[in-house]
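# A look at the structure
So you can see what is in the structure, the chains are spelled out below.
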Amino acid sequence: MPTTARAVAVNVTSTGTSSPGFLTAYACGTPLPNVSTVNHSGGTDRGAFSIVPIDQGGNLCVMT
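Further remarks concern the side chain of histidine 40. If you trace the backbone, histidine 40 turns up in strand S3 (residues 38-40). Its relative accessible area of 12% is what places histidine 40 among the buried residues. Histidine 40 has contacts with Ser14, Thr17, Ser19, Pro20, Gly21, Phe22 and Arg46, leaving out every residue within four places of it along the chain.

If you want it as structure tokens, here you go:
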């Protein structure tokens, strides 16, 4: 990954869920955004393509 990268293109997938919910992907060390990356219902697998900001070390975090 280039050292100047500010975001990555990722496919985020939610699998094996037992109840409705969501995943949010965001740059680690930044405030949690008020948006979701993937929404899912219970018992379903869902995926979504997203452009996600990364931190200076090239990391992204996922919150469920």
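After that view, the rundown keeps rolling.
This paragraph deals with the nonpolar core. Grouped together as the largest cluster of nonpolar side chains are nine residues: Val8, Val10, Val12, Leu23, Ala25, Val38, Ala48, Val52 and Ile54. Take this core: its biggest share by element is three residues, from strand S1 (residues 7-14). When neighbours within four sequence positions are excluded, valine 52 is seen to be in contact with Ala7, Val8, Val10, Ala25, Tyr26 and Leu60.

What the rule picks out here adds up to one disulfide. Between cysteine 28 and cysteine 61 runs a disulfide, and the two sulfur atoms are separated by 2.0 Å. Because the torsion about its S-S bond is 110°, the bridge between cysteine 28 and cysteine 61 counts as right-handed. Taken together, the positions of cysteine 28 in the loop between strand S2 (21-27) and S3 and cysteine 61 in strand S5 (residues 60-63) put the pair 33 residues apart, joining distant regions of the chain. Cysteine 28 gets classed as buried once you look at its relative accessible area, which sits at 17%.

What counts and what doesn't
Residues numbered from 1 in each chain as written. Predicted model: local features only at pLDDT ≥ 70, side-chain atom pairs only at ≥ 80, totals over all residues. Heavy atoms only, no water. Helix = DSSP H or I, 4+ residues; strand = E, 2+ residues; numbered from the N terminus. Buried < 20%, exposed > 50% of the residue type's maximum accessible area, 1.4 Å probe, protein only. Contact = heavy atoms within 4.5 Å. Core = buried A, V, L, I, M, F, W, Y, C linked by side-chain atoms within 4.5 Å. Disulfide = S-S within 2.5 Å.

None of this, on its own, says anything about what the molecule does.
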